[in-house]
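For reference, the chains in residue letters:
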Amino acid sequence: MEIKPLGDRVLVEVLEAEEMTRGGILLPDNAKEKPQQAKVVAVGKGKVADDGKVIAPEVKAGDIILFGKYSGTELKLDERELLMLREEDILGIIKK
Amino acid sequence: MEIKPLGDRVLVEVLEAEEMTRGGILLPDNAKEKPQQAKVVAVGKGKVADDGKVIAPEVKAGDIILFGKYSGTELKLDERELLMLREEDILGIIKK
Amino acid sequence: MEIKPLGDRVLVEVLEAEEMTRGGILLPDNAKEKPQQAKVVAVGKGKVADDGKVIAPEVKAGDIILFGKYSGTELKLDERELLMLREEDILGIIKK
Amino acid sequence: MEIKPLGDRVLVEVLEAEEMTRGGILLPDNAKEKPQQAKVVAVGKGKVADDGKVIAPEVKAGDIILFGKYSGTELKLDERELLMLREEDILGIIKK
Amino acid sequence: MEIKPLGDRVLVEVLEAEEMTRGGILLPDNAKEKPQQAKVVAVGKGKVADDGKVIAPEVKAGDIILFGKYSGTELKLDERELLMLREEDILGIIKK
Amino acid sequence: MEIKPLGDRVLVEVLEAEEMTRGGILLPDNAKEKPQQAKVVAVGKGKVADDGKVIAPEVKAGDIILFGKYSGTELKLDERELLMLREEDILGIIKK
Amino acid sequence: MEIKPLGDRVLVEVLEAEEMTRGGILLPDNAKEKPQQAKVVAVGKGKVADDGKVIAPEVKAGDIILFGKYSGTELKLDERELLMLREEDILGIIKK
């Protein structure tokens, strides 16, 4: 079973905090808006512009991304904690 | 009797929670914004852009979709619980 | 005496609740935003886009439509209860 | 002395309630947003689009129009009660 | 010394109330939004559209205009009470 | 050391009130929104439109401008009181 | 390990206040909106316009920039205090 995100939406699997600190990023406790890491599971075809043109997303399945903590809609699929984001909510891609 | 949605609207039939868990998606009780599953009953012709161009919807009748719980307008037709959404409210399509 | 709606406006005659349930649609009492049925009396020429192009409306006089309960501006003409909507307020067309 | 409305503005003379009911339209006392009738005195050249194109107004001097009660800016000219509306505030034209 | 308004701004000199009533316009005391008269002193080159095109203003220096009372930014220049408006704030031009 | 403003930003040096009244403009104490004078220090390349086109600013370094008192971001550079405005915040250019 | 900002985002390393005053800019304590200095670490490809066109950013890695204090999202990477801004939040580039 699979979910195909619509438009500019991106389905991600949130990474645990321990996994994140091992990866080198530490998020300060007093940060106003704490970013989190996630792995991209599936991406929509992209944002549809007013003239019907589709703008391909910058992220792809497998990318590790940073996003703002309170973004998106939570859902669980086969015991995995997933989140449906908009590409707009993604701050950056982590390259290792 | 049939309802033809206007513009970018999509008429869906909400699926029961039991039916959803059997399908593999579990929605956490404490999720801020719980998505639900629904089956697409009818779709509008699509969003009309400012230049009059019609942008065809990504979903079609029969698709099983995920949408945010408080989206749309409820209506009952012949004892079926229906919801009129905008395509924008649809998070993704479930492929099985 | 007749009223010609301007732009994307649509003049409708609201149908009574009894008439609606006979037609097969039941609106739950606890619905947040209860849709109603109405018959289209007259339509404007359509929305005028920024480049002056007119986008023809999807509805026409005689259509039975669904709309959100608190939409539009009420007026009475020769004892008929009319409502001036925008096409945007119309959820769908009922085909029988 | 004359006033030339600017852009998409329309100068109208409000018609008295008695005159309106004689004309066949009755406005319910409990209507949220009561429309009124007025006679168009002068119209601007029309809305100027972002590309400089002028979109001619749908109404012309002499038309009897319906508008929402709290729209526009009141002014008196030679004892006549006038109102400066935007074309957007006009609901429809009354044809007799 | 002179002020050149920027973009779609219009510099005007407010006319006194007595001068206005002599001109034939009386503003009701209970009007929600009382318009005032002013004489145009200088105009900007016009609104700059997104594509860089400049849209020439409809008013010119010397025009007597009507504007909403609480519009614009007040300034005094050589004892004259001036107001910097946007063309958008101007309701109409008075032709005598 | 120098600051290059970004996009449609304009860096200005605020002129003292005494300097302003000598120049002929007096600002009423009860003005809602008191404009101030400033000298342009540096300008950005201009606003970037959606199609990537750059719209050159109307002001240039050395111009004396009028702006609304609470606009912009204050900063001090080598004891000079500077302000980073957007061109949009500038009301007009003072020509002497 | 590296972070690639998305779209019009810019990753910066905030400079300490002492370092800033040595550089010649003093920020008044009572400033409404205190700007800070930062060094650009990485930039996104630029803003994606509605027609899919990418607008290259004005800043590049290594630039020292000024930005409004409460902008962006804080994150720590290998003990460095970083901030993810949008290019829009950057007031100017400091040239020395």
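Residues numbered from 1 in each chain as written. Chains lettered and ligands numbered in written order. Predicted model: local features only at pLDDT ≥ 70, side-chain atom pairs only at ≥ 80, totals over all residues. Heavy atoms only, no water.

Turning next to the interface of chain B and chain C. Contact residues are listed per partner, giving 26 residues for chain B and 26 residues for chain C. Approximately 2200 Å² of surface area, both sides summed, lies buried where chain B meets chain C, with 56% of it carried by carbon and sulfur atoms. Among the residues of chain B in contact with chain C, Met1, Leu6 and Glu74 of chain B are the three that bury the most area, contributing 28% of the side total. At the boundary of chain B with chain C, the tally comes to 1 salt bridge. Between Glu88 of chain C and Arg86 of chain B there is a salt bridge; the shortest N-O distance is 2.6 Å. (Contact = heavy atoms within 4.5 Å. Buried area = accessible area lost by both parts, 1.4 Å probe. Salt bridge = Lys/Arg side-chain N within 4 Å of Asp/Glu carboxyl O.)

With that out of the way, let us pick up the environment of Glu74 of chain G. All names here are of chain G. Checked against the element boundaries, Glu74 lands in strand S8 (residues 73–77). Under the relative-accessibility criterion, Glu74 is labelled partly exposed at 24%. Sequence separation between Glu74 and Val14 is 60 residues; the distance between their C-alpha atoms is 9.8 Å. (Helix = DSSP H or I, 4+ residues; strand = E, 2+ residues; numbered from the N terminus. Buried < 20%, exposed > 50% of the residue type's maximum accessible area, 1.4 Å probe, protein only.)

Turning our eyes to something else, we now look at the environment of Asp78 of chain G. Within the secondary structure layout, Asp78 of chain G lies in the loop between S8 and strand S9 (80–86). Expressed as a C-alpha distance, the spacing of Asp78 of chain G and Met1 of chain G, which sit 77 residues apart in the sequence, is 9.1 Å.

This brings us to the pairing of strand S10 (residues 90–95) of chain A. Burial runs high along S10 of chain A: 5 of the 6 residues are buried. Judged from the 4 bridges that link them, S10 of chain A and strand S1 (residues 2–5) of chain G form a sheet pairing that is antiparallel. From the neighbouring strand, Ile93 of chain A faces S1 of chain G, where its bridge partner is Lys4 of chain G. (Pairing = 2+ DSSP bridges.)

Spatial relationships are all this shows, so hold off on functional conclusions.
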